[in-house]
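Here are the chains, one letter per residue:
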Amino acid sequence: MIEDDIIMIDTPRKPLTTYKGVVDSKSGDKTIRVVMGYLYKHKKYGKILKRKTMAHVHDEKNQASVGDVVTICKCRPFSKTKFWRLLEVVEKNSDPGKA
């Protein structure tokens, strides 16, 4: 029986795909909801339409608040609907009353 030695080569990981969005709500501990808005053109009529994607994001340090612009990326599932994590807070909300 011949055993092959497996050589582990330290290869760089694939860079994370990051997304920017605005914190819509802060519910519970270490959880925020981020809205990522985008525009698309209707195939038949050509009208530009607004759409949004909502994501439940894991905020380990509770550093984001409502109205902040944040950067997020996909990760392993934390719960049934939470499989995003917060990378950084890009811009803090200047007026928390108008969020």
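Attention here is on the structure that accompanies the text. (Residues numbered from 1 in each chain as written. Predicted model: local features only at pLDDT ≥ 70, side-chain atom pairs only at ≥ 80, totals over all residues. Heavy atoms only, no water.)

Comments concerning the pairing of strand β5 (residues 82-91)
Taken together, the three bridges between strand β3 (residues 48-58) and β5 define a ladder with parallel strand orientation. By the bridge assignment for β5, V57 is matched with W84. (Pairing = 2+ DSSP bridges. Helix = DSSP H or I, 4+ residues; strand = E, 2+ residues; numbered from the N terminus.)

Concerning the nonpolar core
Among soluble globular proteins, nonpolar side chains are generally buried collectively. Counting residues in each nonpolar core, the largest one holds 11 residues, listed as V23, I32, V34, M36, A55, V57, A64, V70, I72, W84 and L86. Counting residues per element, the ones that place at least two in this core are β2 (31-41), β3, β4 (69-74) and β5. Looking at which element gives the most residues to this core, the answer is β2, with three residues. In this view, V23 contacts I32, R33, V34, A64, S65, V66, G67, D68 and V70; residues no more than four positions away in its chain are not counted. (Core = buried A, V, L, I, M, F, W, Y, C linked by side-chain atoms within 4.5 Å. Buried < 20%, exposed > 50% of the residue type's maximum accessible area, 1.4 Å probe, protein only. Contact = heavy atoms within 4.5 Å.)

Looking at the packing of aromatic side chains
Considering all chains together, one arrives at two aromatic pairs under this definition. Centre to centre, the rings of Y19 and W84 are 5.3 Å apart; their planes meet at 80°, and the pair counts as edge-to-face. Pair noted here: Y19 is in strand β1 (residues 18-26) and W84 is in strand β5, with a separation of 65 residues, a long-range link. Put simply, the rings of Y19, F83 and W84 pair up and form one aromatic cluster. (Phe/Tyr/Trp six-rings, centres within 6.5 Å; stacked < 30°, edge-to-face > 60°.)

Some thoughts on unusual backbone geometry
One non-glycine residue, K30, lies in the positive phi region at around 65°. Along the chain, the position of K30 falls in the loop between β1 and β2. A relative accessible area of 28% places K30 in the partly exposed class. The backbone of N62 shows a phi angle near 55°, a positive value even though the residue is not glycine. Considering the arrangement of structural elements, one finds N62 in the loop between β3 and β4. For N62, a relative accessible area of 33% gives the class partly exposed.

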